[in-house]
Amino acid sequence: MPNTQTSTPVAVPAVSPRLLATAAGVTGVMLLLAYLVAFDQGGLSQSGMYLHELMHDGRHLLGVPCH
Ligand SMILES: [Zn+2]
């Protein structure tokens, strides 16, 4: 008996939408954290210079322009 059903190839995305959304979210959080640590002068964090002073040695270690 011949096989009448033909198998059609199914396209499987290499990157799922859920993985893409998760990667975009993690990237956004990491960019925000990098901004807060390296470049924020109190404008976004609304903490005055507290965050700047807290991260000051790390900023110099990373070579971020400071003073
Ligand atoms: Zn400094």
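Residues numbered from 1 in each chain as written. Predicted model: local features only at pLDDT ≥ 70, side-chain atom pairs only at ≥ 80, totals over all residues. Heavy atoms only, no water.

Draft legend 1. Molecular detail of a nonpolar patch on the surface. A cluster of nonpolar side chains, Val26, Val29, Met30 and Leu33, forms an exposed patch at the surface whose accessible area comes to about 380 Å². Mapped onto the elements, Val26 comes out in helix 1 (residues 17-38). The class of Val26 is partly exposed, set by a relative accessible area of 47%. (Patch = residues over 30% accessible without salt bridge, like charges linked within 9 Å, V, L, I, M, F, W, Y side chains within 5 Å. Areas by Shrake-Rupley, 256 points an atom, 1.4 Å probe, with all protein chains shown as cover. Salt bridge = Lys/Arg side-chain N within 4 Å of Asp/Glu carboxyl O. Helix = DSSP H or I, 4+ residues; strand = E, 2+ residues; numbered from the N terminus. Buried < 20%, exposed > 50% of the residue type's maximum accessible area, 1.4 Å probe, protein only.)

Draft legend 2. Inspection of the UniProt feature "transmembrane region" (unreviewed entry) in the protein chain at higher detail. The feature "transmembrane region" (unreviewed entry), as given by UniProt, occupies residues 20-39 in the numbering adopted here. With 95% helix and 0% strand, the stretch residues 20-39 has end C-alpha atoms that lie 27 Å from each other. (UniProt positions renumbered as here; feature names shortened; annotations may be inferred.)

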